[in-house]
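Breakdown of the fold
One letter stands for each residue in the lines below.
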Amino acid sequence: MKGLILKDLYIMRDQMKIVLIILLVYFILPFISEEYMTFPALAVIICGIMPVATMSFDRQSSWDAYAAAMPIQKSSMVWSKYILGILLLAAAAIPNVLIEIPLSTKYHVNLSENIQIICIAAMVAVIYQSIMMFLSFLLNDPEKARILFFILTFGGAALVGLISKQPWFRLNQDMHFWLLIFGITAVLLFVVSGFASAKIYEKRDR
Amino acid sequence: MNAIEVCNLTKQYPKFYLDHVNLTLPCGCIMGFVGENGAGKSTTIKAILDMIHTDEGSINLLGATTEKERVQVKDDIGVVFDSSGYPDNLNALQVGKIQKCIYTLWDDEVYTQYLEKFVIDPKKKIKDYSRGMKMKLSIATALSHHAKLLILDEATSGLDPVFRDQVLDVFYDFIQEENHSILISSHIVSDLERICDYVTFIHKGKIIVSEEKDELLEKYRLVKVSREQLDELEEGAVIGKRVGEYGCDALVNIHRIPENFHTERATLEEIMVYMMKEE
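This report concerns the structure included in the present document. Every chain is numbered independently, its residues counted from 1 as its sequence is written. The lettering of chains begins at A and the numbering of ligands begins at 1, in the order of writing. A pLDDT threshold of at least 70 governs which residues receive local features in this predicted model, and a stricter bar of 80 or more applies before side-chain atom pairs are shown or counted, although totals over entire chains, interfaces and linings include all residues. As a convention, hydrogens and water are excluded, and side-chain values are obtained from all of the structure's heavy atoms.

Moving on to the overall build of chain A. Under the DSSP-based scheme used, a helix requires at least four consecutive residues in state H or I and a strand at least two consecutive residues in state E, with every element numbered from the N terminus. Regarding its fold elements, chain A presents seven helices and zero strands. Going residue by residue from the N terminus, the α and β elements of chain A occur as α-α-α-α-α-α-α. When accessible area is computed with a 1.4 Å probe and restricted to protein chains, residues below 20% of their type maximum are described as buried, those above 50% as exposed, and intermediate ones as partly exposed. For chain A, the proportion of its 206 residues judged to be buried stands at 51%. The contact criterion used throughout is that any non-hydrogen atoms of two residues lie within 4.5 Å. In chain A, of all internal contacts separated by at least 6 residues, the share reaching a separation of at least 24 is 87%.

Rendered as structure tokens:
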């Protein structure tokens, strides 16, 4: 599995340059504007969905057929994508959470609320990953999933930004409850998606 | 122990049927797997490597009889397909690092030696390689993890004649180890004639013949006779024929023709063509 994840990281090197530029913008923007919360959400979602893009590269090069001749379990071919998604998500979310500490002090905003926004973005990314990975394995066509990627990425980021501006979006008992439900749903969906994708992949000829 | 044992392998596609294929590759031998386009060579190889599900039959790969066991033994198998397999934006150096994580006996030193021998720039991206260079990279990776069995599907096609000769020498060196074996499928029958111990012909999903190369070359000969002389031969003597205006060229089984018949040695290619024409 280590080799599979390494391969995908190498593939994404060029794409990651674009993401790093976005992250750099995020690091500069807070010093210019107080209205910066959309960007960490966008960065987290993009990082979370990138594994689907690697499947297009795999398809172009017939990687699956080549990997079939290697000592790699079929389930590893699937789970490596899901694990990669989580790793990228963590790589985007954790620095964003850390930078919130000085920024919330600078702009006198509620730290926990901003961290919640990042968590929501991460959960949205997990849900997107779960649905699109499953569809990619089911349809065996990551290009169709890519169209969904663009629609849902910008839609999802706009949605998170919109939610964060709503007057009802303040910390209270109910929000914590709904956040917990949302988080559990995201995790369950992720696990179910992974197992279902592995089942589909197991049955497929390569 | 045989390196590969395939028994009654069957796979049905909408327009193609792999029909009860039987194939045995003894340890320490090279088997040439020959057939026309669409004959079933790649399908058979894919079945051996569990890349496709089969309808019937059993496969024994280096002693592994179940799919789970065969995943483990793939650590001892080097495979070369007719396409590279690695995403185009990687380079040979990155491929080596990935392979190191996958194969337990990956050898960086051997890999580097093959990259130098095959003149592959380790930092050049695969998308900038020619077809021949991609094949060279595949061969280098297949030979760099101390494999016991090489499975090569059209591995020498796309290579220039000089390099093809070099690669065949590499395969010949590989087979000097007692427990090393090679299954090589190719259209370039002359290459197989040079290095193979066994030859298997497949045609329209069926194995026509699977024998030792030297026996094959000894058993089947070419004759140039008249139609009348051809008709006089016993049934089963003529394997394939080409009837012309002034006479016939035929491939015959030397054990079934009169001793006074003048015969000529046939090449593997000629044997294959005559056998498949008749089928």
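Moving on: helix H5 (residues 111–139) of chain A. Here, expected helix span is obtained from the residue count minus one, scaled by 1.5 Å. Relative to the 42 Å expected for 29 residues at 1.5 Å per residue, H5(A) spans 42 Å between its end C-alpha atoms, a close match to the ideal helical length. One or two positions beyond H5(A), positive phi appears at Asn140(A), with a value near 55°.

Moving on, we get to the sheet that holds strand E4 (residues 56–61) of chain B. All names here are of chain B. Whether two strands pair depends on DSSP finding at least two bridges between them. If you trace the three strands from one edge of the open sheet to the other, you get E2-E1-E4, paired in antiparallel fashion. The sheet is open, and its two borders are formed by strand E2 (16–26) and E4, each paired with just one other strand. Between one strand axis and the next, the sheet turns through 15° on average, direction left out of account. What counts as an axis is a line fitted to C-alpha atoms, over the stretch in contact for a helix, and the angles between N-to-C directions run from 0 to 180 degrees. Along the sheet, helix H1 (residues 41–48) makes contact with strand E1 (2–13), E2 and E4, crossing E1 at roughly 115°.

Below, the discussion takes up the environment of Cys29(B). Residue and element names in this part refer to chain B. Along the chain, Cys29 falls in the loop between E2 and strand E3 (30–34). Since its relative accessible area comes to 13%, Cys29 is described here as buried. Once residues lying within four places of it in the same chain are set aside, the contact partners of Cys29 are Ile175, His180, Ser181, Ile182, Asp197 and Tyr198.

To continue, consider empty space enclosed by the protein. Grid spacing is 1 Å over the protein atoms alone, the probe is 1.4 Å, and a cavity is where that probe fits but cannot get out, while a pocket is an open set with protein on both sides within 12 Å along at least five of seven lines and lining residues have an atom within 4 Å of a point. Grid points are joined across faces, edges and corners, and a volume is the space filled by probe spheres set on the points. Within this structure, the stated rule accounts for one cavity of 30 Å³ or more. Estimated volume of the largest cavity: approximately 70 Å³. If you trace the largest cavity, you find it lined by Tyr66(A), Ala69(A), Met70(A), Gly78(B), Val79(B), Gln99(B), Tyr103(B), Ser138(B), Thr141(B), Ala142(B) and His145(B). In terms of residue count, the dominant contributor to the lining of the largest cavity is helix H5 (residues 131–142) of chain B (three residues). Gly falls in the polar group here, along with every residue not listed as nonpolar (Ala, Val, Leu, Ile, Met, Phe, Trp, Tyr, Cys, Pro) or charged (Asp, Glu, Lys, Arg). Of the residues that constitute the lining of the largest cavity, the class distribution is six nonpolar, five polar and no charged.

As a further point, take the sheet that holds strand E13 (residues 264–265) of chain B. Residues and elements named next belong to chain B. Taken together, four strands build an open sheet; the order of strands is E11-E12-E10-E13 and the sheet is antiparallel. Sheet topology places strand E11 (238–243) and E13 at the edges, where each strand pairs with a single neighbour. As judged from the six bridges shared by strand E10 (residues 220–225) and strand E12 (residues 248–253), these two strands associate in the antiparallel manner. Across the sheet, residue Lys224 finds its bridge partner in E12, namely Asp249.

With that settled, the discussion passes to the nonpolar core. A general feature of soluble globular proteins is that nonpolar side chains tend to end up buried together. Take the buried Ala, Val, Leu, Ile, Met, Phe, Trp, Tyr and Cys residues and link them wherever side-chain atoms come within 4.5 Å; each set so joined is a nonpolar core. With 148 residues, the main nonpolar core has Ile4(B), Ile151(B) and Phe201(B) as its most contacted residues. Per-element accounting of this core gives the leading share, 14 residues, to H5(A). Beyond its immediate stretch of four places on either side in the chain, Ile151(B) contacts Ile4(B), Ile45(B), Ile48(B), Leu49(B), Ile77(B), Gly78(B), Val79(B), Val80(B) and Leu183(B). Counting residues in each nonpolar core, the second largest holds ten residues, with Leu233(B), Cys248(B), Val252(B) and Ile257(B) among its members.

This part is about the packing of helix H3 (residues 92–102) of chain B against helix H4 (residues 108–117) of chain B. Residue and element names in this part refer to chain B. Interaxial distance between H3 and H4 falls to 11 Å at its minimum, and their mutual angle equals 155°. When the interaxial angle is binned, H3 and H4 end up roughly antiparallel. Relative to H4, the crossing made by H3 is right-handed. Here H3 contributes Ala92, Val95, Gly96 and Lys100 to the contact with H4, which in turn contributes Asp108, Tyr111 and Leu115. In terms of residue class, the contact of H3 with H4 is built from four nonpolar, one polar and two charged. Working definition: roughly parallel below 35 degrees, roughly antiparallel above 145 degrees, roughly perpendicular at 65 to 115 degrees, and oblique for all remaining angles. Handedness of a crossing is defined here by the sense of rotation of the near helix relative to the far one, left-handed for an anticlockwise turn of less than a right angle and right-handed for a clockwise turn.

This brings us to the pattern of salt bridges. Residues and elements named next belong to chain A. In what follows, salt bridge is the name for a side-chain nitrogen of Lys or Arg lying within 4 Å of a carboxyl oxygen of Asp or Glu. Here the structure, examined in full by the defined rule, presents 16 salt bridges over all chains. A salt bridge links Lys81 to Asp58; the nearest nitrogen and oxygen atoms lie 2.7 Å apart. Of this pair, Lys81 sits in helix H4 (residues 74–107) while Asp58 sits in helix H2 (residues 38–60), and the two are 23 residues apart along the sequence. You can call Asp58 buried: its relative accessible area is 6%.

What follows is about the interface of chain B and chain A. Each side of the interface is counted separately: chain B has 29 residues, and chain A has 27 residues. In this assembly, chain B packs against chain A so that about 2500 Å² is buried in total across both faces, 58% of it on carbon and sulfur atoms. Inspection of the region where chain B meets chain A yields two salt bridges. We note a salt bridge from Lys74(A) to Glu67(B), for which the minimum N-O separation is 3.3 Å. Nitrogen and oxygen atoms within 3.5 Å of one another constitute a polar contact, given that in protein one can donate a hydrogen and the other can accept it, and given that sequence-neighbouring residues count only through two side-chain atoms. Across the contact surface, chain B and chain A share eight residue pairs in polar contact (both at pLDDT 80 or more). Among the secondary structure elements, those contributing two or more residues to the side of chain B that touches chain A are helix H2 (67–73) and H3 of chain B. By buried area we mean how much accessible surface two parts lose on assembly, using a 1.4 Å probe and totalling the loss over both.

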